[in-house]
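Descriptive analysis of the structure
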Amino acid sequence: PMEDHAEDFAAPFEARGYDLGQIFYCAESVLLPDWRGQGAGHIFFDRREAHARDLGRRYAAFCSVMRPEDHPARPAGYRALDPFWRKRGYAPLDGVVAQFRWKDIGEAAETEKALQFWIREL
């Protein structure tokens, strides 16, 4: 449930008038390269969305890190996940961006990162 997560994640939704009690936050996830393209991502989303429905939630949401195209940590052969998310019915929420701090690999200290929220109605 969204209300169980950090205030930094909830605040952008509250500012847009969303009822946090209607949102299931899917949190962060990474699918290792060897498992991609085999349906595991769809199964994972199906199960999270089913759990959200079981909890009576109206929306499922997650966020993605906003990085420039030329970010030095971008791996060779990188493929954006936007088409996958859109195919599942998710869309970015204009202006619903959280700021969160963490230390990236190779960084000496934490820096603020922007996270774009995506949402879909269940």
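In what follows, the accompanying structure is described. These numbers were taken from a predicted model, which means no experiment stands behind them. (Residues numbered from 1 in each chain as written. Predicted model: local features only at pLDDT ≥ 70, side-chain atom pairs only at ≥ 80, totals over all residues. Heavy atoms only, no water.)

1. Quick notes on the nonpolar core
Cut-off, in case you're wondering: By convention a nonpolar core is built from buried Ala, Val, Leu, Ile, Met, Phe, Trp, Tyr and Cys residues, the set being connected through side-chain atoms within 4.5 Å. When accessible area is computed with a 1.4 Å probe and restricted to protein chains, residues below 20% of their type maximum are described as buried, those above 50% as exposed, and intermediate ones as partly exposed. We count a stretch as a helix when DSSP gives it H or I for four or more residues in a row; a strand needs E for two or more, and each element gets its number in order from the N terminus.
With 16 residues, the main nonpolar core has Met2, Phe9, Phe13, Ile23 and Phe117 as its most contacted residues. Mapped by element, the contributors of at least two residues to this core are helix 1 (7-15), strand 1 (23-25), strand 2 (59-65), strand 3 (91-102) and strand 4 (111-121). Phe24, Phe45, Ala60 and Trp85 belong to the second largest nonpolar core, which has 9 residues in total.

2. Focus: the sheet that holds strand 1
Going by this rule: Whether two strands pair depends on DSSP finding at least two bridges between them. Fitted lines through C-alpha atoms give the axes, limited to the stretch in contact for helices. The angle between two N-to-C directions lies from 0 to 180 degrees.
Read across the open sheet, the 4 strands follow the order 1-2-4-3; overall the sheet is mixed. The open sheet has two free edges, formed respectively by strand 1 and strand 3, since each of these has just one partner strand. Put simply, the sheet's adjacent strands are angled 35° from each other on average, direction ignored. Relative to strand 2, strand 1 runs parallel, the two being bridged by 3 bridges.

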